[in-house]
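Here is how the chains run, residue by residue.
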Amino acid sequence: MKIPILDLKKQYKGLKKEIEARISKICDNQSFVLGEEVSLIEKNISEYCNTQYAIGVNSGTDALILALNAMGICKGDEVITTPFTFVATVEAISLVGGKPVFVDIDPKTYNIDPGLVEAKITEKTKAIVPVHLYGLCADMDPISSIAKKHKLPVLEDCAQAIGSTYKGKKAGSLGVAGAISFYPGKNLGCFGDGGMVVTNEEALYKKVKLLRNHGSEKSYYHKIVGYNSRLDNLQAAVLNIKLTYLDKWIDQRIENAAFFNKNLAGCSITTPHVPEGYRHSYHQYVLRSKDAGKIVKHLLDSGIESRTYYPLPLHLQECFKSLGHKPGDFPESEKLSKESFAIPVYPELTKEEKDYIVATIKKV
Ligand SMILES: Cc1ncc(COP(=O)(O)O)c(C=O)c1O
């Protein structure tokens, strides 16, 4: 049996007619950049995330860059974040001129450890960027109270966490702003790159809106130097359709995760920890074991695709060498990168496939 880590073809099969009709309408109108579908998805996502505003941009990376820029982060500013995330989080901080300051992860949730944040705050600290890794929200209450005490804005990296909740509140509504990715493999993915900034702050909304379109409100008049980071109408149309299925898909992911948790109990393997009051959206279902290498090899040999997110924490990446870190600086992140691996959890997995995955892991 062959089971990929994600099978988007299965999802597309069920939506093909609906999507093609909507795309065809846009092609008939030849209205590709921004447009009605973009305005609609902005309205829909702001309602879904429970925020006042949403601005479509052309990737999750740009959502982070534009939000940091709108928060005024610039050269020399320190921004606290986790070294155990996709590179884009830290790239965004660097690209606006900021200095990433890492805080190690909590070994249970794999998210930034709030207990270690305050020690890293200096007079140069200008923001905190927690990441809701794999679809589990970071512990936002202590992060928010530290941020409030030090008057720092919090930008949530929600790239992997649309639809996740923390104590009843949606990811993206917990900080000053949230950055969402619609990369095709995300729980809500479009047919290319796409992203969104969500916020309750009017000034930030206005600034990001200007930034995404060359600093312009009126064609050929430019208030600030901006970017070309517009979400296009075709991507927005796909997202408007897919959004109506998102909660059902997340529930199926949760069901699959519960199946794996139950059936792997008793194995010497750590299943994801979900604290009370969180909704994990299981963008990834990540297992942890000292024998990760052996298990992954056996899975691959058995036709089951498995990935390690992420094999090298960011403080040890060549591109961030100038930050001067060395092995041992963030031990929990380093340990996790050697012991963790994701298995397929997508909504369309069949019972037979899930049984096969469990049986294959149990063999090791
Ligand atoms: C945690 C995290 N942040 C940011 C991004 C960047 O999103 P995009 O690929 O849409 O630019 C990703 C994408 O994988 C991500 O996982």
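Residues numbered from 1 in each chain as written. Predicted model: local features only at pLDDT ≥ 70, side-chain atom pairs only at ≥ 80, totals over all residues. Heavy atoms only, no water.

Visitor: Teacher, can you tell me more about the overall build of the protein chain here?
Guide: A tally of helices and strands in the protein chain yields ten helices and 14 strands. The C-alpha atoms of the protein chain give a radius of gyration of 20 Å, which matches the 21 Å a tight globule of 364 residues would have. In terms of overall dimensions, the protein chain has a C-alpha envelope of 65 × 55 × 35 Å along the principal axes. Per-residue burial for the protein chain yields a buried fraction of 55% across its 364 residues. Contacts in the protein chain between residues far apart in sequence, at least 24 positions, make up 71% of those at least 6 positions apart. Here the protein chain has roughly 16300 Å² of accessible surface; of this, 52% comes from carbon and sulfur atoms. Positive and negative charge centroids in the protein chain, built from 47 and 42 side chains respectively, lie 1 Å apart. (Helix = DSSP H or I, 4+ residues; strand = E, 2+ residues; numbered from the N terminus. Rg over C-alpha atoms; globule rule 2.2 N^0.38 Å. Buried < 20%, exposed > 50% of the residue type's maximum accessible area, 1.4 Å probe, protein only. Contact = heavy atoms within 4.5 Å. Areas by Shrake-Rupley, 256 points an atom, 1.4 Å probe, with all protein chains shown as cover. Lys, Arg positive; Asp, Glu negative; His and termini not counted. Charge placed at Lys NZ, Arg CZ, Asp CG, Glu CD.)

Visitor: So what exactly am I meant to see when it comes to the packing of helix H8 (residues 292-301) against helix H10 (residues 351-363) here?
Guide: Describing two packed helices takes the angle between their axes plus the distance from one axis to the other. Interhelical geometry of H8 versus H10 gives an angle of 135 degrees and a closest axis separation of 9 Å. Classified by the angle their axes make, H8 and H10 are oblique. In this structure, H8 meets H10 at a crossing whose hand is right-handed. Together, Ile295, His298 and Leu299 of H8 and Thr360, Ile361 and Lys363 of H10 make up the contact between the two elements. Looking at the contact of H8 with H10, its residues break down into three nonpolar, two polar and one charged. (Axes fitted to C-alpha atoms, helices over the stretch in contact; angles between N-to-C directions. Parallel < 35°, antiparallel > 145°, perpendicular 65-115°, else oblique. Left-handed = near helix turned anticlockwise from the far one by under 90°. Nonpolar A, V, L, I, M, F, W, Y, C, P; charged D, E, K, R; others polar.)

Visitor: Mind showing me how you'd approach the layout of surface pockets here?
Guide: The method is simple in principle: a probe with the dimensions of a water molecule rolls over the atoms, and the space it marks as empty is what remains. Approximately 620 Å³ is the volume found for the largest pocket. Along the wall of the largest pocket there are 30 residues; nearest its centre are Gln160, Tyr183, Gly185, Lys186 and His283. Going through the elements one at a time, helix H3 (60-70) and helix H4 (87-95) are the ones with two or more residues in the lining of the largest pocket. Ranked by residue count, the leading element in the lining of the largest pocket is H3, at three residues. Its residues assigned to classes, the lining of the largest pocket shows 14 nonpolar, eleven polar and five charged. For the lining of the largest pocket, the domains that each give at least three residues are domain 1 (8-103 + 111-239) and domain 2 (246-363). Looking at the second largest pocket, its volume works out to about 200 Å³. In terms of lining residues, the second largest pocket is bounded by Arg22, Lys25, Ile26, Asn29, Ser31, Gly35, Glu36, Glu37, Leu40 and Asn233. Where the lining of the second largest pocket is concerned, the elements lending two or more residues are helix H1 (8-29) and helix H2 (36-49). Ranked by residue count, the leading element in the lining of the second largest pocket is H1, at four residues. (1 Å grid on protein atoms, 1.4 Å probe; cavity = no way out; pocket = protein on both sides within 12 Å on 5 of 7 lines; lining within 4 Å. Points joined across faces, edges and corners; volume = space filled by probe spheres on them. Domains from an automatic or database assignment.)

Visitor: Which parts of the structure should I look at to understand the domain arrangement of the protein chain?
Guide: According to the domain assignment, the protein chain contains domain 1 (8-103 + 111-239) and domain 2 (246-363). Relative to domain 2, the C-alpha centre of domain 1 lies at a distance of 24 Å. Across the boundary between the two partners, domain 1 contributes 37 residues, which contact 34 residues of domain 2. Across the interface of domain 1 and domain 2, roughly 2900 Å² is buried in total on both sides, 64% from carbon and sulfur atoms. Summed over the shared surface of domain 1 and domain 2, the result is one salt bridge. With its nearest N and O atoms 3.5 Å apart, the salt bridge here joins Glu353 to Lys10. For the interface between domain 1 and domain 2, the tally reads 14 residue pairs in polar contact (both at pLDDT 80 or more). Contributions of two or more residues to the side of domain 1 that touches domain 2 are made by H1, H4, strand E3 (99-102) and strand E6 (165-166). (Buried area = accessible area lost by both parts, 1.4 Å probe. Salt bridge = Lys/Arg side-chain N within 4 Å of Asp/Glu carboxyl O. Polar contact = N/O pair within 3.5 Å; in protein donor to acceptor, adjacent residues only side chain to side chain.)

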